[in-house]
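Residues per chain are reported as follows:
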Amino acid sequence: MRKFLIAGNWKMNLNADEGADLVADIVSVAGKQTSVNVCLCPPFTGLESAAKGVEGSNVSLGAQNFHPEPSGAYTGEISAGMLRHLYCSHVILGHSERREYFSETDAFINQKVKTSLESALKPILCVGETLEQRESGQTNEVVRKQVQGGLAEIMASQSEGLVIAYEPVWAIGTGKTATPEMAQEVHAEIRNLLSQQLSEEVANRTRILYGGSMKPENAKELLAQEDIDGGLIGGASLKASSFNAIIEAAIELAS
Ligand code: 13P
(Lines give C-alpha, C1' and ligand atoms only; values in the text may rest on other atoms or scores of the structure.)
Protein backbone atom coordinates (compact mmCIF):
# COMPACT_ATOMS: atom_id res chain seq x y z
CA MET A 1 0.00 0.00 0.00
CA ARG A 2 2.83 2.42 0.86
CA LYS A 3 5.33 2.68 -1.97
CA PHE A 4 8.98 2.47 -0.93
CA LEU A 5 10.88 5.77 -1.01
CA ILE A 6 14.63 5.43 -1.43
CA ALA A 7 16.24 8.82 -0.80
CA GLY A 8 19.90 9.74 -1.03
CA ASN A 9 21.23 12.42 1.32
CA TRP A 10 24.52 13.49 -0.22
CA LYS A 11 25.26 15.85 2.70
CA MET A 12 28.21 18.20 1.94
CA ASN A 13 29.67 16.03 -0.83
CA LEU A 14 30.11 16.27 -4.62
CA ASN A 15 30.34 19.44 -6.70
CA ALA A 16 27.79 20.12 -9.43
CA ASP A 17 29.71 18.18 -12.12
CA GLU A 18 30.40 15.18 -9.90
CA GLY A 19 26.76 15.21 -8.88
CA ALA A 20 25.60 15.30 -12.51
CA ASP A 21 27.64 12.14 -13.25
CA LEU A 22 26.11 10.35 -10.26
CA VAL A 23 22.60 11.45 -11.26
CA ALA A 24 23.13 10.08 -14.78
CA ASP A 25 24.23 6.70 -13.42
CA ILE A 26 21.22 6.49 -11.13
CA VAL A 27 18.71 7.67 -13.72
CA SER A 28 19.98 5.06 -16.18
CA VAL A 29 19.00 2.30 -13.73
CA ALA A 30 16.06 3.76 -11.79
CA GLY A 31 14.70 6.43 -14.11
CA LYS A 32 12.07 4.37 -15.88
CA GLN A 33 10.80 2.00 -13.20
CA THR A 34 7.67 2.96 -11.30
CA SER A 35 7.53 0.43 -8.47
CA VAL A 36 9.57 2.49 -6.00
CA ASN A 37 10.05 6.24 -5.56
CA VAL A 38 13.60 7.52 -5.73
CA CYS A 39 14.70 10.95 -4.52
CA LEU A 40 18.17 12.53 -4.65
CA CYS A 41 19.15 15.30 -2.24
CA PRO A 42 22.36 17.02 -3.37
CA PRO A 43 23.80 20.11 -1.71
CA PHE A 44 22.20 23.38 -2.93
CA THR A 45 24.97 23.96 -5.48
CA GLY A 46 24.20 20.63 -7.15
CA LEU A 47 20.44 21.11 -7.50
CA GLU A 48 20.42 22.83 -10.88
CA SER A 49 22.58 20.25 -12.65
CA ALA A 50 20.76 17.42 -10.89
CA ALA A 51 17.41 18.90 -12.01
CA LYS A 52 18.56 18.70 -15.63
CA GLY A 53 19.72 15.13 -15.09
CA VAL A 54 16.43 13.86 -13.63
CA GLU A 55 14.21 15.71 -16.14
CA GLY A 56 11.76 13.34 -17.82
CA SER A 57 12.62 10.47 -15.44
CA ASN A 58 10.88 9.09 -12.37
CA VAL A 59 13.69 10.23 -10.10
CA SER A 60 12.78 13.22 -7.97
CA LEU A 61 14.86 15.87 -6.30
CA GLY A 62 15.09 17.13 -2.74
CA ALA A 63 17.09 19.67 -0.76
CA GLN A 64 18.76 19.15 2.60
CA ASN A 65 17.41 22.25 4.34
CA PHE A 66 15.79 25.65 3.78
CA HIS A 67 14.71 28.73 5.71
CA PRO A 68 11.03 29.01 6.71
CA GLU A 69 10.61 32.67 5.67
CA PRO A 70 9.63 33.25 2.03
CA SER A 71 12.31 35.91 1.38
CA GLY A 72 14.23 38.68 3.11
CA ALA A 73 17.40 39.53 4.99
CA TYR A 74 18.61 36.03 5.88
CA THR A 75 22.15 36.00 4.55
CA GLY A 76 23.28 32.58 3.46
CA GLU A 77 19.80 31.06 3.45
CA ILE A 78 17.55 29.56 0.75
CA SER A 79 13.73 29.70 0.61
CA ALA A 80 11.14 27.07 -0.20
CA GLY A 81 10.17 29.02 -3.33
CA MET A 82 13.77 28.92 -4.57
CA LEU A 83 13.82 25.16 -4.12
CA ARG A 84 10.50 24.72 -5.95
CA HIS A 85 11.97 26.82 -8.78
CA LEU A 86 14.75 24.21 -9.07
CA TYR A 87 12.16 21.40 -9.28
CA CYS A 88 12.63 20.13 -5.74
CA SER A 89 9.71 18.08 -4.51
CA HIS A 90 11.19 17.09 -1.13
CA VAL A 91 13.25 18.64 1.64
CA ILE A 92 15.09 16.95 4.51
CA LEU A 93 14.32 18.69 7.82
CA GLY A 94 15.61 18.24 11.35
CA HIS A 95 18.53 16.03 10.43
CA SER A 96 20.55 15.17 13.54
CA GLU A 97 23.59 16.93 12.06
CA ARG A 98 21.58 20.15 11.86
CA ARG A 99 20.20 19.64 15.35
CA GLU A 100 23.70 19.05 16.71
CA TYR A 101 25.98 21.39 14.72
CA PHE A 102 23.50 24.20 13.99
CA SER A 103 21.49 24.03 17.22
CA GLU A 104 18.18 23.50 15.45
CA THR A 105 15.30 23.12 17.89
CA ASP A 106 12.02 21.28 17.48
CA ALA A 107 10.25 24.67 17.37
CA PHE A 108 12.38 25.92 14.46
CA ILE A 109 12.07 22.59 12.65
CA ASN A 110 8.30 22.83 13.16
CA GLN A 111 8.24 26.23 11.39
CA LYS A 112 10.03 24.66 8.45
CA VAL A 113 7.70 21.64 8.34
CA LYS A 114 4.73 24.04 8.23
CA THR A 115 6.27 26.16 5.45
CA SER A 116 7.27 23.11 3.43
CA LEU A 117 3.73 21.68 3.54
CA GLU A 118 2.29 25.07 2.55
CA SER A 119 4.82 25.27 -0.30
CA ALA A 120 4.12 21.80 -1.74
CA LEU A 121 7.58 20.62 -0.68
CA LYS A 122 7.33 17.21 0.97
CA PRO A 123 9.18 17.32 4.29
CA ILE A 124 11.33 14.37 5.31
CA LEU A 125 11.32 14.98 9.06
CA CYS A 126 14.26 13.23 10.74
CA VAL A 127 14.11 11.97 14.30
CA GLY A 128 16.33 9.69 16.33
CA GLU A 129 18.12 9.11 19.61
CA THR A 130 21.81 9.28 20.53
CA LEU A 131 23.66 6.26 21.90
CA GLU A 132 23.52 7.69 25.41
CA GLN A 133 19.75 8.18 25.13
CA ARG A 134 19.26 4.62 23.85
CA GLU A 135 21.41 3.13 26.57
CA SER A 136 19.49 4.97 29.25
CA GLY A 137 16.15 3.75 27.89
CA GLN A 138 14.99 7.11 26.52
CA THR A 139 14.55 6.18 22.84
CA ASN A 140 10.75 6.33 22.75
CA GLU A 141 10.63 9.51 24.80
CA VAL A 142 13.16 11.31 22.56
CA VAL A 143 11.42 10.21 19.38
CA ARG A 144 8.02 11.21 20.78
CA LYS A 145 9.26 14.69 21.65
CA GLN A 146 10.78 15.16 18.19
CA VAL A 147 7.71 13.90 16.33
CA GLN A 148 5.27 15.90 18.48
CA GLY A 149 7.45 19.02 18.37
CA GLY A 150 8.20 18.80 14.65
CA LEU A 151 4.52 18.30 13.80
CA ALA A 152 3.02 20.72 16.36
CA GLU A 153 -0.13 22.51 15.15
CA ILE A 154 -0.23 20.58 11.90
CA MET A 155 -3.64 19.20 10.96
CA ALA A 156 -4.21 15.80 9.38
CA SER A 157 -5.60 17.60 6.34
CA GLN A 158 -2.31 19.48 5.88
CA SER A 159 -0.05 16.47 6.16
CA GLU A 160 -0.26 15.17 2.60
CA GLY A 161 3.22 14.24 1.48
CA LEU A 162 4.72 14.10 4.96
CA VAL A 163 7.61 11.63 5.32
CA ILE A 164 9.35 10.71 8.59
CA ALA A 165 12.88 9.32 8.76
CA TYR A 166 14.00 7.40 11.82
CA GLU A 167 17.74 7.87 12.03
CA PRO A 168 19.35 6.61 15.24
CA VAL A 169 22.25 9.03 15.67
CA TRP A 170 24.62 6.25 16.74
CA ALA A 171 24.07 4.47 13.42
CA ILE A 172 24.79 7.48 11.16
CA GLY A 173 28.08 7.16 9.32
CA THR A 174 29.38 4.67 11.89
CA GLY A 175 28.82 1.42 10.04
CA LYS A 176 26.61 0.32 12.97
CA THR A 177 23.08 -0.39 11.84
CA ALA A 178 20.04 -0.88 14.01
CA THR A 179 18.95 -4.50 13.70
CA PRO A 180 15.77 -4.84 11.64
CA GLU A 181 13.89 -5.68 14.86
CA MET A 182 15.22 -2.63 16.72
CA ALA A 183 14.32 -0.36 13.82
CA GLN A 184 10.87 -1.94 13.37
CA GLU A 185 10.06 -1.36 17.04
CA VAL A 186 10.73 2.38 16.78
CA HIS A 187 9.00 2.66 13.39
CA ALA A 188 5.86 1.06 14.86
CA GLU A 189 6.04 3.53 17.75
CA ILE A 190 6.33 6.47 15.32
CA ARG A 191 3.29 5.21 13.40
CA ASN A 192 1.42 5.01 16.67
CA LEU A 193 2.40 8.62 17.45
CA LEU A 194 1.18 9.75 14.01
CA SER A 195 -2.11 8.03 14.66
CA GLN A 196 -2.52 9.82 18.01
CA GLN A 197 -1.39 13.23 16.78
CA LEU A 198 -2.90 13.31 13.28
CA SER A 199 -5.17 10.38 12.42
CA GLU A 200 -5.09 6.68 11.76
CA GLU A 201 -5.46 7.34 8.06
CA VAL A 202 -2.42 9.65 8.05
CA ALA A 203 -0.47 7.08 10.09
CA ASN A 204 -1.31 4.37 7.58
CA ARG A 205 -0.31 6.36 4.54
CA THR A 206 2.79 8.19 5.88
CA ARG A 207 6.09 6.68 4.85
CA ILE A 208 8.62 6.12 7.62
CA LEU A 209 12.15 5.71 6.28
CA TYR A 210 15.09 4.16 8.09
CA GLY A 211 18.47 5.92 7.97
CA GLY A 212 21.81 4.98 9.49
CA SER A 213 24.44 2.93 7.65
CA MET A 214 21.92 1.44 5.24
CA LYS A 215 23.80 -0.34 2.47
CA PRO A 216 23.22 -3.09 -0.11
CA GLU A 217 24.18 -5.78 2.44
CA ASN A 218 21.47 -4.85 4.96
CA ALA A 219 18.85 -3.00 2.89
CA LYS A 220 16.65 -5.95 2.10
CA GLU A 221 16.15 -7.17 5.65
CA LEU A 222 15.49 -3.65 6.89
CA LEU A 223 13.04 -2.88 4.08
CA ALA A 224 11.26 -6.18 4.68
CA GLN A 225 10.01 -4.93 8.07
CA GLU A 226 6.34 -4.04 8.19
CA ASP A 227 6.75 -0.39 9.16
CA ILE A 228 9.93 0.43 7.22
CA ASP A 229 8.84 2.16 4.04
CA GLY A 230 12.17 3.11 2.55
CA GLY A 231 15.60 4.45 3.36
CA LEU A 232 17.38 7.75 3.82
CA ILE A 233 20.87 6.87 2.75
CA GLY A 234 24.05 8.87 3.33
CA GLY A 235 27.39 7.23 2.52
CA ALA A 236 26.00 4.51 0.26
CA SER A 237 24.12 7.11 -1.83
CA LEU A 238 27.38 8.65 -3.06
CA LYS A 239 28.19 5.70 -5.32
CA ALA A 240 25.82 4.66 -8.09
CA SER A 241 26.66 0.97 -7.58
CA SER A 242 25.59 0.87 -3.93
CA PHE A 243 22.63 3.26 -4.25
CA ASN A 244 21.31 1.40 -7.30
CA ALA A 245 21.70 -1.91 -5.46
CA ILE A 246 19.52 -0.57 -2.62
CA ILE A 247 16.92 0.62 -5.15
CA GLU A 248 16.97 -2.84 -6.72
CA ALA A 249 16.47 -4.50 -3.34
CA ALA A 250 13.39 -2.31 -2.83
CA ILE A 251 12.07 -3.10 -6.32
CA GLU A 252 12.44 -6.82 -5.60
CA LEU A 253 10.52 -6.55 -2.34
CA ALA A 254 7.82 -4.44 -3.98
CA SER A 255 7.12 -6.92 -6.74
P1 13P B 1 24.82 7.07 6.55
O2 13P B 1 24.02 6.26 5.57
O3 13P B 1 26.11 7.55 5.99
O4 13P B 1 24.94 6.38 7.87
O5 13P B 1 23.97 8.42 6.82
C6 13P B 1 22.63 8.32 7.13
C7 13P B 1 22.05 9.68 7.12
O8 13P B 1 22.37 10.52 7.95
C9 13P B 1 21.08 9.99 6.07
O10 13P B 1 20.43 11.19 6.30
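My aim in this report is to walk through the structure given alongside it, one point at a time. In this text, all values refer to a predicted model and were calculated from it rather than measured experimentally.

## Concerning the pairing of strand E4 (residues 88-93)
Okay, step 1: A large share of E4 lies buried, amounting to six of its six residues.
Okay, step 2: With helix H3 (residues 80-85) bridging strand E3 (residues 59-63) and the parallel E4, this β-α-β connection has right-handed handedness.
Okay, step 3: As paired elements, E4 and strand E5 (residues 122-127) share four bridges and run parallel to each other. Along E5, the bridge assignment pairs His90 with Lys122.

## Quick look at the site of the ligand
Okay, step 1: Within the structure, the ligand sits among Asn9, Lys11, His95, Glu167, Ala171, Ile172, Gly173, Gly212, Ser213, Leu232, Gly234 and Gly235.
Okay, step 2: Gly234 places a main-chain nitrogen or oxygen 2.9 Å from an oxygen atom of the ligand.
Okay, step 3: The fraction of the free accessible surface of the ligand (310 Å²) that becomes covered by protein chains is 95%.
Okay, step 4: Classifying every residue of the shell around the ligand gives three nonpolar, seven polar and two charged.

## Digging into helix H8 (residues 180-197)
Okay, step 1: Here H8 contains 18 residues, and its C-alpha end-to-end distance of 25 Å stays within 8% of the 26 Å for a straight helix at 1.5 Å per residue.
Okay, step 2: All of the buried residues along H8 are Pro180, Ala183, Gln184, Val186, His187, Ile190, Arg191, Leu193 and Leu194.

## Some details on the packing of aromatic side chains
Okay, step 1: Tallying each qualifying case throughout the model produces one aromatic pair.
Okay, step 2: It is Arg98 that lies over the ring of Phe102; its NZ or CZ is 4.2 Å from the centre.

## What to know about the packing of helix H5 (residues 106-118) against helix H7 (residues 139-150)
Okay, step 1: Closest axis-to-axis distance for the H5/H7 pair is 8 Å, and the angle between their directions is 45°. On the basis of the axis angle, H5 is oblique to H7. Across from Asp106, Asn110 and Val113 in H5, the residues of H7 making contact are Lys145, Gln146, Gly149 and Gly150.
Okay, step 2: Here the contact of H5 with H7 is built from residues that sort into one nonpolar, four polar and two charged.

Cut-offs used in this document
- Residues numbered from 1 in each chain as written.
- Predicted model: local features only at pLDDT ≥ 70, side-chain atom pairs only at ≥ 80, totals over all residues.
- Heavy atoms only, no water.
- Buried < 20%, exposed > 50% of the residue type's maximum accessible area, 1.4 Å probe, protein only.
- Helix = DSSP H or I, 4+ residues; strand = E, 2+ residues; numbered from the N terminus.
- Right-handed = clockwise from strand over helix to strand, strands pointing away.
- Pairing = 2+ DSSP bridges.
- Near = heavy atom within 4 Å.
- Polar contact = N/O pair within 3.5 Å; in protein donor to acceptor, adjacent residues only side chain to side chain.
- Areas by Shrake-Rupley, 256 points an atom, 1.4 Å probe, with all protein chains shown as cover.
- Nonpolar A, V, L, I, M, F, W, Y, C, P; charged D, E, K, R; others polar.
- Expected span 1.5 Å × (residues − 1).
- Phe/Tyr/Trp six-rings, centres within 6.5 Å; stacked < 30°, edge-to-face > 60°.
- Lys NZ or Arg CZ within 6 Å of the ring centre and 35° of its normal.
- Axes fitted to C-alpha atoms, helices over the stretch in contact; angles between N-to-C directions.
- Parallel < 35°, antiparallel > 145°, perpendicular 65-115°, else oblique.
- Contact = heavy atoms within 4.5 Å.

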